[in-house]
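# Secondary and tertiary structure notes
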2 protein chains.
Amino acid sequence: MQSDPTLRLRVFDLNCWAIRYLSKRRQERIRLIGDMLHREDFDLVLLQEVWSEQDYSDLKVKLGGCYPFSHYFRSGVIGSGLCVFSRFPILDTLLYQYSLNGYPYMLQHGDWFCGKSVGLVIIMISGIIFNIYVTHLHAEYCREKDAYLPHRLVQAWELAQFIRHTSKAADVVLLGGDLNMHPEDVGIRLLRGWTGLRDAFAEATHFEGCEDGCTLVPSNCFTDKSELLPFPLGIRIDYILYKAISSFMVKCEELKTTTGAAPGMDIPFSDHEAVMATLHIQRQAQAAGTTLGTAEPMLADVVTEAQTEVGVGLRAAQQQRYSSGRMAMLALLLLLLQATAALGALVGLDAGQPFPKLSFCLLGFLAIGILLLATGLHLFHTMEVKMLHSTEEQMRMVLWALQERP
Amino acid sequence: MQSDPTLRLRVFDLNCWAIRYLSKRRQERIRLIGDMLHREDFDLVLLQEVWSEQDYSDLKVKLGGCYPFSHYFRSGVIGSGLCVFSRFPILDTLLYQYSLNGYPYMLQHGDWFCGKSVGLVIIMISGIIFNIYVTHLHAEYCREKDAYLPHRLVQAWELAQFIRHTSKAADVVLLGGDLNMHPEDVGIRLLRGWTGLRDAFAEATHFEGCEDGCTLVPSNCFTDKSELLPFPLGIRIDYILYKAISSFMVKCEELKTTTGAAPGMDIPFSDHEAVMATLHIQRQAQAAGTTLGTAEPMLADVVTEAQTEVGVGLRAAQQQRYSSGRMAMLALLLLLLQATAALGALVGLDAGQPFPKLSFCLLGFLAIGILLLATGLHLFHTMEVKMLHSTEEQMRMVLWALQERP
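Residues numbered from 1 in each chain as written. Chains lettered and ligands numbered in written order. Predicted model: local features only at pLDDT ≥ 70, side-chain atom pairs only at ≥ 80, totals over all residues. Heavy atoms only, no water.

Our focus in this paragraph is the overall build of chain A. Counting secondary structure elements, chain A contains eight helices and 13 strands. Dimensions along the principal axes, computed over C-alpha positions, put chain A at roughly 100 × 60 × 40 Å. Per-residue burial for chain A yields a buried fraction of 54% across its 406 residues. In chain A, the share of contacts with a sequence separation of at least 24, taken over all contacts with a separation of at least 6, comes to 75%. On chain A, roughly 17600 Å² of surface is accessible, and the fraction owed to carbon and sulfur atoms is 59%. Put simply, chain A has 35 plus and 43 minus side-chain charges, and the middle of one group is 4 Å from the middle of the other. (Helix = DSSP H or I, 4+ residues; strand = E, 2+ residues; numbered from the N terminus. Buried < 20%, exposed > 50% of the residue type's maximum accessible area, 1.4 Å probe, protein only. Contact = heavy atoms within 4.5 Å. Areas by Shrake-Rupley, 256 points an atom, 1.4 Å probe, with all protein chains shown as cover. Lys, Arg positive; Asp, Glu negative; His and termini not counted. Charge placed at Lys NZ, Arg CZ, Asp CG, Glu CD.)

Here is the structure:
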């Protein structure tokens, strides 16, 4: 077994920023991405934000020769935007939609409508089973006051749990995607600690690309410079993570990022830089075992930190549930009062000056509108409370297990 | 290894029908269920429709002595209603919420609000890893014209996929729950065929209980007799299914159902009958392998049948998406017309008789109401189309793989 040759796997990951009608020079960039993927001939391509099925189909047609296998993950209203192209047959797929993903009423952010998810494709190369995960977590719109942190943490937790539960028969686990978290953020420490995944950037023998491996850089003409002001080098939020289970060993030989404009072109492929890893996979004599990624006392600290943040989100959600419920009750009360008054007027009890009909109707409609809206909000925040509560409890259970372990 | 003693596992499954304010004599029945579980001392208890967390907490307190480990799965607005009590430590849990689950506007059915899911708990007994799944699929309200069949099939498919992907390291897989499908229905054939799970009722050496293993019977005082008219014996929709992976063998020694009123009481535990299985698990010399449950040509037929039904659902959803989209456009058009007319009146272009203000306002509000409602419906049906399409495609992929296999 030890004499098995090393398997070399070239992986490409990119958040393509391909939102119909909104992303600049989308079709041109999708063409450029397709050309480059065709030219470079990777083994595995993990894409995010391919939100138009037409773009996916175009890529599929163009790449059919070199990447004969592909999968597009559908979810939400707009779609998950996730897809995979592979040189090797895709044996099986599974999609897990995160239980929390922002708010439907935050139309300007729109994450809710994408049904953010993690997609799994299983491929086998030379008898080695690869579980390949591709994902995109909720965006961070304001780092100082990040209202979506609890949701992103729930997503990071669900991502870790999904990987742990579905990868037990895999030899190699690979995760690529836009995690919308900086390398030192609690969510990524949680994900890495709880799954044992290793960061290709940190492990790479050779690195080439944007400084510090950043994937959102000010030099990219599509990025919002004002958002990157506190980070003059840019930020690293796109990752390739991996680990080997059972008796395999994975090493990242080389990691590259694109650096702004595509070669010979005036525009980059996307507002994100692509991440490209060359991995070496080898069978090893001794089974690696399923170790966690972080020493257990440290993992307990990370889980505690994440649990605290989820708890903060839980209390905020409970407050919103309460406020929307109260608003719905007040609107209902107003409607009942109006109904009583209208009935009174009808049966002639109130013989005085009748209400001005127009104002009365307007008020009634307003009350109905508020009642419907507040009820909808109340239902939504009830679900949010349930999922935050559930995640907090799961984390508590894990902490208990970590502490109980001899 | 072959000399390992047989492990005997007693499993209890019940849809508890414990909906706050709606289910008859709920608290009394929950007490009865608790008393019986305490007395009978099963190894594993799988419950559905425990929709009040207070009921779960009450059971937890009462059963703490004999079932020290338990888990309640939260999801949706009301909750999944799923919970598990166990004599053995629960090592890990995971919840998967089905992507389709009826319609939020079908308030009289209410399934959408429960966030129907499958819950997984992992336990280890004498070194044997058990993956225990508990679930509750969408109800069937009208068998002749079952509008929810495509959704239930998507759920059955997702359930099968979830089990397949998460159980690869398990020695024994066990599924209990109210599947809302008759034994010969396509959904249950799909689930069994695609996972290899075996039906405890069909496999049991000894059976005791309602005829044909029915779990919804006319003799139960809480069932709706008119619904059971075409089935004088009742129907069997609650199941315990199992399989062994790797080198284990599971046999169902005994299967029992309750038969109406609880012993010494005037009422049954629920409107469903409970299912109780005694399983024997033994290590065997030869690995069983991961066989599918149905011969492959037959499985292909089942998947084709399911795919056809999902296709029917897809076309219906596309039609509804189109209708709601058109309705939203019409409402928007009406609003624009009104806005133009109002502007015209304001700037004095229309010097004639002004519109009656009240009717004008009422019409405006009506248009806004319809616009909002139709937009909401359109978004919902867009998601529905996405998920039905995705399931249909996955089934097509499986069919292709089944046909390709030598």
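Structure's up, so let's keep going.
In this section: the relation of the copies chain A and chain B. At an RMSD of 0.1 Å, chain A and chain B line up after a rotation of 180° and a shift of 0.0 Å along the axis. Taken together, the rotation angle and the small translation identify this as a two-fold axis. Closest approach to the rotation axis within chain A is made by the C-alpha atom of Thr166 of chain A, at a distance of 2.3 Å. With an isologous cut-off of 70% or more, the 100% of interface residues of chain A that recur at the interface of chain B puts this contact in the isologous class. (Least-squares fit on C-alpha atoms with pLDDT ≥ 70 in both.)

Residue and element names in this part refer to chain B. Inspection of the entire model under this criterion finds 30 aromatic pairs over all chains. Residues Tyr96 and Tyr98 carry aromatic rings whose centres are separated by 6.5 Å and whose planes lie at 65° to one another, so their mutual orientation is edge-to-face. Look at Tyr103 and Tyr105: their rings are 5.4 Å apart centre to centre, the planes differ by 25°, and that puts the pair in the stacked class. Residue Tyr105 is classed as partly exposed on the basis of its relative accessible area of 37%. (Phe/Tyr/Trp six-rings, centres within 6.5 Å; stacked < 30°, edge-to-face > 60°.)

Moving on, we get to the UniProt feature "domain: Endonuclease/exonuclease/phosphatase" (unreviewed entry) in chain A. Following the UniProt record, the feature "domain: Endonuclease/exonuclease/phosphatase" (unreviewed entry) maps to residues 15-272 of chain A here. Across residues 15-272 of chain A, helical content stands at 24% and strand content at 29%; the span's end C-alpha atoms are separated by 6 Å. (UniProt positions renumbered as here; feature names shortened; annotations may be inferred.)

Residues and elements named next belong to chain B. Among the five residues of strand 4 (residues 82-86), five are classified as buried, and the element is accordingly described as predominantly covered. Judged by which residues are buried, strand 4 turns out to be covered on both faces: Leu82, Val84 and Ser86 on one side and Cys83 and Phe85 on the other are all buried. Sheet topology places strand 2 (residues 44-50) next to strand 4; four bridges connect them, and they run antiparallel. Residue pairing in the sheet places Leu47 in a bridge with Cys83 of strand 4. One ladder, built from five bridges, connects strand 3 (residues 69-73) with strand 4; its direction is antiparallel. Note that in strand 4 the partner of Phe69 across the bridge is Ser86. (Pairing = 2+ DSSP bridges.)

In this section: the side chain of Asp238 of chain A. Residues and elements named next belong to chain A. By secondary structure assignment, the location of Asp238 is in strand 11 (residues 238-244). One buried charged residue, Asp238, remains without a salt bridge, the closest side chain of opposite sign being Arg236 at 9.2 Å. At 2.6 Å, the side chain of Asp238 forms a polar contact with the side chain of Thr215. Among the polar contacts listed, one links the side chain of Asp238 to the side chain of His272, at a separation of 2.8 Å. (Salt bridge = Lys/Arg side-chain N within 4 Å of Asp/Glu carboxyl O. Polar contact = N/O pair within 3.5 Å; in protein donor to acceptor, adjacent residues only side chain to side chain.)

Once that is clear, we can look at the pattern of salt bridges. Charged atoms that come close allow side chains of opposite charge to pair. Residue and element names in this part refer to chain B. Considering all chains together, one arrives at 36 salt bridges over all chains under this definition. Lys116 serves as the salt-bridge partner of Asp111, at 2.6 Å between the closest nitrogen and oxygen. For the residue pair Asp111 and Lys116, the accessibility class agrees, reading buried in each case. Note that Arg198 and Glu203 form a salt bridge whose closest N and O atoms lie 3.3 Å from each other. Given a relative accessible area of 33%, Glu203 falls into the partly exposed group.

Here we take up the interface of chain A and chain B. Contact with chain A, which involves 40 residues of that partner, is made by 41 residues of chain B. For the pairing of chain A and chain B, the buried interface totals around 3900 Å² over both sides, and the portion due to carbon and sulfur atoms is 68%. Looking at the side of chain A facing chain B, the largest losses of area belong to Arg74, His165 and Lys386 of chain A, adding up to 18% of the total buried there. Put simply, chain A and chain B have four salt bridges between them. Linking Arg164 of chain B and Asp92 of chain A is a salt bridge whose minimum nitrogen-to-oxygen distance equals 2.9 Å. Applying the counting rule to chain A against chain B returns 14 residue pairs in polar contact (both at pLDDT 80 or more). Elements supplying a minimum of two residues to the side of chain A that touches chain B: strand 3 (69-73), strand 5 (90-97), helix 3 (111-114), strand 6 (117-125), helix 4 (149-166) and helix 8 (357-404) of chain A. It is helix 8 of chain A that provides the largest number of residues to the side of chain A that touches chain B, a total of 15 residues. (Buried area = accessible area lost by both parts, 1.4 Å probe.)

Taking 1.5 Å per residue as the helical rise, helix 4 of chain A with its 18 residues ought to reach 26 Å, and the 25 Å between its terminal C-alpha atoms agrees with that figure. Of all 18 residues that make up helix 4 of chain A, 17 are buried, and the element is covered over most of its length. (Expected span 1.5 Å × (residues − 1).)

Next up on the list: the UniProt feature "transmembrane region" (unreviewed entry) in chain A. Residues and elements named next belong to chain A. Following the UniProt record, one finds the feature "transmembrane region" (unreviewed entry) at residues 77-98, 118-135, 328-349 and 355-380. Span residues 77-98 is 0% helix and 59% strand, its end C-alpha atoms 14 Å apart. The span residues 118-135 shows a helical share of 0% and a strand share of 89%, and its end C-alpha atoms are spaced 4 Å apart.

On to the domain arrangement of chain A, then. All names here are of chain A. When cut into domains, chain A gives domain 1 (7-283) and domain 2 (294-345 + 355-404). Of note, the centres of domain 1 and domain 2, computed from C-alpha atoms alone, are 32 Å apart. With 20 residues of domain 1 at the contact, the number on the domain 2 side is 20 residues. Together domain 1 and domain 2 conceal approximately 1700 Å² of surface at their shared face, both sides included; 75% is due to carbon and sulfur atoms. The interface formed by domain 1 and domain 2 includes one salt bridge. (Domains from an automatic or database assignment.)

In this structure, Arg25 of chain A is a non-glycine residue whose phi angle is positive, near 45°. One non-glycine residue, Asn180 of chain B, lies in the positive phi region at around 50°. Here Asn180 of chain B lies in the loop between strand 8 (172-178) and helix 5 (186-195). The class of Asn180 of chain B is buried, set by a relative accessible area of 9%.

On to a nonpolar patch on the surface. Residues and elements named next belong to chain A. Side chains of Met327, Leu334, Leu363, Leu366 and Ile370 sit close together on the surface and give an oily, nonpolar patch of about 390 Å² of accessible area. Contributing elements (two or more residues each) for the nonpolar patch: helix 7 (296-346) and helix 8. With three residues, the single largest contributor to the nonpolar patch is helix 8. (Patch = residues over 30% accessible without salt bridge, like charges linked within 9 Å, V, L, I, M, F, W, Y side chains within 5 Å.)

Attention shifts here to the sheet that holds strand 1 (residues 7-18) of chain B. Residue and element names in this part refer to chain B. One open sheet accounts for seven strands, arranged 3-4-2-1-13-12-10; its pairing is mixed. A single partner strand is all that each edge strand has here, and the edge strands are strand 3 and strand 10 (206-208). For this sheet the average axis-to-axis angle between neighbouring strands, irrespective of direction, equals 20°. With six bridges connecting them, strand 1 and strand 2 associate as parallel partners. Of the residues in strand 2, the one forming a bridge with Asn15 is Gln48. (Axes fitted to C-alpha atoms, helices over the stretch in contact; angles between N-to-C directions.)

What follows concerns the sheet that holds strand 7 (residues 128-136) of chain A. The sheet built from six strands is open, its strands ordered 5-6-7-8-11-9 (chain A) with mixed pairing. Looking at strand neighbours, the two that pair on one side only are strand 5 and strand 9 (198-199) of chain A, the edges of this open sheet. For strand 8 (residues 172-178) of chain A and strand 11 of chain A, the ladder comprises seven bridges, and the chain directions are antiparallel. In the sheet register, Asp178 of chain A faces strand 11 of chain A, and the bridge partner there is Asp238 of chain A. Each of strand 5 and strand 6 of chain A touches helix 4 (residues 149-166) of chain B; the most contacted strand, strand 5 of chain A, lies at about 110° to it.

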